Amino acid sequence: MSGRRDFLNQPAPENYVAGLGRGATGFTTRSDLGPAREGPSEDQIKEALAKRAAQLGAAAPTAYGAPEKKEEDDDDERFQDPENEVGLFAGGAYDKDDDEADRIYQEVDEKMDRRRKARREAREKAEREEYERNNPKIQQQFADLKRALGTVSDEDWANLPEVGDLTGKNRRNKQALRQRFYAVPDSVIAGARDASELGTTVADDGNAGADTQDGTMTNFADIGAARDKVLKVRLDQASSASGTDSIAGSATNIDPKGYLTSLAKSQINEGEAQVGDIKRVRVLLESVIRTNPKHAPGWIAAARLEELAGKSVAARNVIARGCEHCPKSEDAWLENIRLNDSHNAKIIAANAIQKNDRSVRLWVEAMKLESESRAKKTVIRKALDHIPQSVMLWKEAVNLEEDPADARLLLAKATEIIPLSVELWLALARLESSENAQKVLNKARKAIPTSHEIWIAAARLQEQIGNANKINVMKRAVQALAKESAMLKREEWITEAEKCEDEGAILTCGNIIRETLGWSLDEDDDRKEIWMEDAKSSIGRGKYETARAMYAYALRVFVNSRKLWLAAADLEKNHGTKEALWQLLEKAVEACPQSEVLWMMLAKEKWQAGEIDNARRVLGRAFNQNPNNEDIWLAAVKLEAENDQPEQARELLKTARQEAPTDRVWMKSVAFERQLGNVDAALDLVNQALQLFPAAAKLWMMKGQIYESEGKIPQAREAFSTGTKACPRSVPLWLLYSRLEERAGSIVKARSVLDRARLAIPKNPELWTESVRIERRGNNISQAKVLMAKALQEVPSSGLLYTESIWHLEPRTQRKPRALEAIKKVDNDPILFVTIARIFWGERRLEKAQNWFEKAILLDSDLGDTWAWYYKFLLQHGTDEKRADVIAKCILSEPRHGEYWQTVAKDPTNAKMGIEEILKIVAGKLE
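Throughout this description, residue numbers start from 1 for each chain and increase along the sequence as written. Local features in a predicted model are, by the rule used here, given only for residues with pLDDT of at least 70; side-chain atom pairs are given and counted only at 80 or more, and totals for whole chains, interfaces and linings are based on all residues. Note: side-chain values were computed over all heavy atoms of the structure, leaving out hydrogens and water.

Asker: Sorry if this is basic, but what is going on with the overall build of the protein here?
Answerer: Numbering goes from the N terminus for both helices and strands, where a helix is a DSSP run of H or I of at least four residues and a strand is a run of E of at least two. Looking only at helices and strands, one finds 50 helices and 0 strands in the protein. A simple rule labels every residue: compare its accessible area, found with a 1.4 Å probe on the protein chains alone, to the largest value its type can have, and call it buried under 20%, exposed over 50%, or partly exposed in between. Residues counted as buried form 33% of the 927 residues belonging to the protein. We call two residues contacting when some pair of their heavy atoms lies within 4.5 Å. Relative to all contacts within the protein whose residues are 6 or more apart in sequence, the contacts with residues 24 or more apart total 51%. Calculation of accessible area relied on Shrake-Rupley with a 1.4 Å probe; when residues are assessed, cover is drawn exclusively from the protein chains displayed. Split by element, the accessible area of the protein, about 58700 Å² in all, is 50% carbon and sulfur.

Asker: In this structure, what is going on with the environment of Glu370? I would like to understand it.
Answerer: Tracing the backbone shows Glu370 in the loop between helix 17 (360-369) and helix 18 (373-386). Using a relative accessible area of 22% as the deciding quantity, one classes Glu370 as partly exposed. As for Glu370 and Lys346, which are separated by 24 residues in sequence, their C-alpha atoms are 8.2 Å apart. Not counting residues up to four positions away in its chain, the partners in contact with Glu370 are Lys346, Ala375, Lys376 and Val379.

Asker: Would you explain the pattern of salt bridges in this entry?
Answerer: If charged atoms from side chains of opposite charge come close, those side chains can pair. For this analysis, a salt bridge means a side-chain nitrogen from Lys or Arg found within 4 Å of a carboxyl oxygen belonging to Asp or Glu. Scanning the entire structure with this criterion turns up 50 salt bridges. One salt bridge in this structure joins Glu491 and Arg490, with 3.5 Å as the shortest N-O distance. For Arg490, a relative accessible area of 7% corresponds to the buried category. For Asp534, the salt bridge goes to Arg490, with nearest N and O atoms at 2.3 Å. A residue pair is termed long-range when its members are at least 10 positions apart, and Asp534 in helix 27 (residues 527-540) and Arg490 in helix 25 (residues 490-502) qualify at 44 residues.

Asker: Before we go on, may I ask you to explain the confidence of the model for the protein in this structure?
Answerer: Caution applies to low-pLDDT regions: their predicted coordinates should not be interpreted in detail. Known as pLDDT, the predictor's confidence for each residue is given on a scale from 0 to 100. Chain-level statistics for the protein give a pLDDT mean of 80 and a share of 80% at 70 or above. Long-range and interchain partners of residues 32-36, a stretch whose pLDDT sits below 50, account for 5 contacts in this model, where long-range means more than four residues apart. Within the model, pLDDT remains below 50 along residues 63-82, and this stretch shows 13 contacts once partners closer than five positions in the same chain are excluded.

Asker: Looking at this model, I keep getting lost on a positive patch on the surface. Mind explaining?
Answerer: Each patch groups residues whose relative accessible area exceeds 30% and which form no salt bridge, using 9 Å between like charges and 5 Å between nonpolar side chains of Val, Leu, Ile, Met, Phe, Trp and Tyr. In this count, Lys and Arg are taken as positive residues and Asp and Glu as negative ones, while His and the chain termini are left out. Note that the charge is assigned to NZ on lysines, CZ on arginines, CG on aspartates and CD on glutamates. A contiguous patch of positive charge on the surface is contributed by Lys111, Arg114, Arg115, Arg116 and Arg119. Examined against the element boundaries, Arg116 turns out to sit in helix 3 (residues 96-134). Residue classification places Arg116 among the partly exposed positions, given a relative accessible area of 44%.

Asker: What is the right way to look at helix 14 (residues 312-325) in this model?
Answerer: Along an α-helix, residues three or four positions apart point the same way, because every turn accommodates 3.6 residues. Between the first and last C-alpha of helix 14 there are 20 Å, a value that for 14 residues agrees with the 20 Å anticipated at 1.5 Å per step. Buried within helix 14 are the following residues: Ala315, Val318, Ile319, Gly322 and Cys323. For helix 14, the angular spread of the buried residues around the axis is 140 degrees, confining them to a single face. Turned more than 90 degrees off the buried face of helix 14, the exposed positions are Val313 and Glu324. Here the buried face of helix 14 lies against helix 13 (296-308) and helix 15 (330-339). The span expected for a helix works out to 1.5 Å for each residue beyond the first. Here, the arc refers to the directions that run from the helix axis to the C-beta atoms.

Asker: Help me out: how do you make sense of the packing of aromatic side chains in this one?
Answerer: Paired rings are identified among Phe, Tyr and Trp, the last through its six-membered ring, by centres lying within 6.5 Å, and are further divided according to the angle between planes into stacked (under 30 degrees), edge-to-face (over 60) and tilted (the rest). In total, this model carries 9 aromatic pairs according to the counting rule given. Judged by centre distance (5.2 Å) and plane angle (75 degrees), the rings of Trp531 and Tyr553 are edge-to-face. Highlighted residues: Trp531 in helix 27 and Tyr553 in helix 28 (residues 544-557), separated in sequence by 22 residues. According to the relative accessible area criterion, Trp531 is buried, its value standing at 2%. Each residue in the set Trp841, Phe853, Tyr870 and Phe873 is aromatic and connected to the rest through ring pairs, giving one cluster. The ring of Trp582 has Lys606 lying over it, and the distance from NZ or CZ to the ring centre is 4.1 Å. When the NZ atom of lysine or the CZ atom of arginine is within 6 Å of a ring's centre and also within 35 degrees of its normal, the charge is said to sit over that ring. A cation sits over an aromatic face here: Arg758 above Trp768, 4.3 Å from the ring centre.

Asker: Explanation requested: a negative patch on the surface in the structure shown.
Answerer: Negative charge collects at one region of the surface, where Asp95, Asp97, Asp98, Asp99, Glu100 and Asp102 lie side by side. Note that Asp95 resides in the loop between helix 2 (71-80) and helix 3.

Asker: Before we go on, may I ask you to explain the nonpolar core in this structure?
Answerer: To form a nonpolar core, buried Ala, Val, Leu, Ile, Met, Phe, Trp, Tyr and Cys residues must be joined to one another through side-chain atoms within 4.5 Å. Counting residues in hydrophobic clusters, the biggest one holds 127 residues, and the most contacted among them are Leu393, Trp493 and Trp565. Residue contacts for Trp565: discarding those within four places in its chain leaves Leu555, Val559, Leu584, Lys587, Ala588, Ala591, Cys592 and Leu598. In terms of nonpolar packing, the next biggest core, distinct from the first, is built from 46 residues, Ala819, Leu832, Leu919 and Ala923 among them.

Asker: Could you clarify how one ought to interpret a nonpolar patch on the surface in this entry?
Answerer: Together, Ile138, Phe142 and Leu145 give the surface a local cluster of nonpolar side chains, amounting to about 310 Å² of exposed area. Structurally, the position occupied by Ile138 is in helix 4 (residues 138-141). Overall, the relative accessible area of 61% leaves Ile138 in the exposed class.

Asker: I'm lost on the environment of Asp341 in this one. Help?
Answerer: Mapping Asp341 onto the fold places it in the loop between helix 15 and helix 16 (342-355). A polar atom in the side chain of Asp341 sits 3.1 Å from the side chain of Asn344. Definition of a polar contact: a pair of N or O atoms within 3.5 Å, with one able to donate and the other able to accept a hydrogen when the atoms are protein atoms, and with sequence-neighbouring residues admitted only if both atoms are side-chain atoms.

Asker: I'm lost on the packing of helix 44 (residues 815-825) against helix 45 (residues 830-842) in this one. Help?
Answerer: Packed helices, taken two at a time, are described by the angle between their axes plus the distance between the axes. Relative orientation of the contacting elements helix 44 and helix 45 amounts to 150 degrees, with a least axis distance of 11 Å. Relative to helix 45, helix 44 is oriented roughly antiparallel. When you trace helix 44 past helix 45, the crossing you get is left-handed. Residue-level contacts link Arg815, Lys816, Ala819, Ala822 and Ile823 of helix 44 to Leu832, Ile836, Ile839 and Phe840 of helix 45. As a working rule, the residues Ala, Val, Leu, Ile, Met, Phe, Trp, Tyr, Cys and Pro are called nonpolar, Asp, Glu, Lys and Arg charged, and the rest polar, with Gly in that last group. The residue makeup of the contact of helix 44 with helix 45, split by class, is 7 nonpolar, no polar and 2 charged. In this description, a line fitted to the C-alpha atoms serves as the axis of each element, helices being fitted only across the stretch in contact, and the angle between N-to-C directions of two axes falls anywhere from 0 to 180 degrees. Working definition: roughly parallel below 35 degrees, roughly antiparallel above 145 degrees, roughly perpendicular at 65 to 115 degrees, and oblique for all remaining angles. It is the rotation of the near helix from the far one that decides the hand of a crossing: anticlockwise by less than a right angle makes it left-handed, clockwise makes it right-handed.

Asker: Is there a simple way to think about unusual backbone geometry in this case?
Answerer: Note: most peptide bonds trans; most residues except glycine with negative phi. Despite not being glycine, Asn828 shows a phi value in the positive range, around 55 degrees. You can see Asn828 is positioned in the loop between helix 44 and helix 45. Despite not being glycine, Arg844 has its phi angle at roughly 65 degrees, a positive value. If you trace the backbone, Arg844 turns up in the loop between helix 45 and helix 46 (846-859).

Asker: Looking at this structure, how should I read the packing of helix 16 against helix 17?
Answerer: Packing of helix 16 against helix 17 leaves a shortest axis separation of 10 Å and a crossing angle of 155 degrees. Our classification of the angle between helix 16 and helix 17 gives roughly antiparallel. Along this stretch, helix 16 crosses helix 17, giving a crossing that reads as left-handed. For the pair helix 16 and helix 17, contact is made by Ser342, Ala345, Lys346, Ala349, Ala352 and Ile353 and by Leu362, Trp363, Ala366 and Leu369, respectively. When its residues are assigned to classes, the contact of helix 16 with helix 17 shows 8 nonpolar, 1 polar and 1 charged.

In structure tokens:
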């Protein structure tokens, strides 16, 4: 027998796993009581397979994830790993010298690692501490608080509140509401009682209700009697204990009988709800006046409650008791006087005055109770004997006097007794003559040196006399009030000036503004803007004289401000006279001779007034001050053209082209020749102009339009094409080009033109809208919707696109929801506002439609299409006055833009039409 052990008794090889070779590893079945042994990990499997393959001299299998090396990858790995000895040193033998060298290198590496270890660990520790300091854990943040918890005693822990007590007040209130208890109705009590009983009474009537069809009957009278008895006992106990409980405030005094009565009638019909409320309030008020009988408002409230209930006698009795308990209350006595008739009221007033002889209100009420004037005077004089310092009583006494002389005597006496009353001094001054009024106001000024009302009254007196321009009272007033430190704020002075304007004291208003508008403002402040805002505010309140005075003062400080002159001229134009506007503009052109706007405004006003020669003189003066100014040249041309002087206008344009050769002058020259019908001359001028200004888009548009009007489509196409190359950012030029191709029948080319335009000018709503319209006009609605979707994605805030979509691409039922969506996405677009107004117009909601039209006009008054839609709306649903008002406002606004408006206004055949005529034509073309 050999010494080799039996196979089964031999120890298993290293990393041996039973059943691994046939793929059988540990598993768990349903019948196992515990988990089976966990199988080897994937790394262990790979290692065992690799070792077995090495022993057998074969390659490692790839079934368990071992990578299969490819021959083409050997070269890459060989060159990537510097320690790979497979290639060059593959045939070398590994001997003892190599082993010793490897061991020496390893020792050197370990020694170097030990030398660097201290520094490396110190560096790593510092980095870790820095990271932990910058990113502390939650437990580290609360570490100090946790340590402090060690000092908390057991008693403190026990006294900590529950988590529920730390919730919000609203949650606790909701819990309290859920814990409320309410009285159970009688029906529930009766049902509970009947649930265990069976009555023996049989109903005789076969038509009994549904509740008694089973032959039983509920005796609700017994239940009510028992309830009343229980409540009566409880209320008796409460009333017997009221003597002690009411003192401590732990109980409320309640009338048991009245409470039982109210309980017996607890089911109140809708018509009797007020009666029930009165009874409940009566109980509360009785409790109030019993608890605090010296509280006068409680007695007054109780009396008014009885009055509301229709019990006048009870109300008088209640308030009489209130006056007994509160004899010093004015309100209680006044309420008592009000509730009684005239005879009893006089007696009550006398008693009240005996108790309160210093009450002004009671004396005045007693005076009003008298019917004769003599008796009233007697009462007032007795009141003045008791209260001579009352301004109200003196005013009542003066009002009772019919003779002005007696009133003056009373006021003179009043001002002696009450010298600090501004009202009495001013009243006395109003009753005196002019000379005596000056003396009275001088005395008042000495008595009350801090009163600005007296100074303003003195200034108004000088205006009435006619000395407002000679004596500057307000200048002295400002000095005196500043000395007394009683100067008002600038805004308060403006308010006083507006009061003077309301009362007709225009000169005083101007003097106040002139002396006080610059008060408390330094030169460093933006005074011009502040004063312009003040003037606009006064204009908004309708105080035009105050605003005029503000502009006059501001123009004295900023005499060369064109902005101020224009604002003042606008005020005169809208709310002043023609002569005042001319005078203001004459001063403006003298102060700002280089401002062509002021010159043209003056010339226009003269021209509109029919003074053509004066308008020419104004323009001549403007030429002297502003030579070679294109605006003045064009204004002169327009003046001559409008007055049927074409030859003079042509000569002026010729001179302007030489003196002020701008693209605008050339355009006006071309437009003038087109209006006169001289097509050849216009074409010659536009060709000359394009040689000088090839980047002027309007000149290219004019050239194309001239050719198109003559029917020369190829030449027009060439003009537009060249123009779009020279001016690729001009939207109107692209639109004219595409419309020309569409009218010529080349829809495909029109699409191409718009595609190029959108590439040149991205995110432009007009170009997208025109693209949609081309498809829509070609009955290609599906493509139009696709383009609209793309357009709204690229330009989501365009009211024009939404308008096109609402009216032409949406069904009628979806227009309003689509408009609502547009309002949310588009902010303040007048085109969209008009669309919404038209939707309301179609629904016959005329008031809302009108409001939206007006909103659109306020948003942009320069959009002529808005005015035209509004006028068309008023033609159907407006009055003549409203239509005339809209026309006047439109002429004043002078709109110049709008899709339909520009088409009509720029037509050469409509050159001499006014705004009103253009408005009516555009309104007729709208669809």
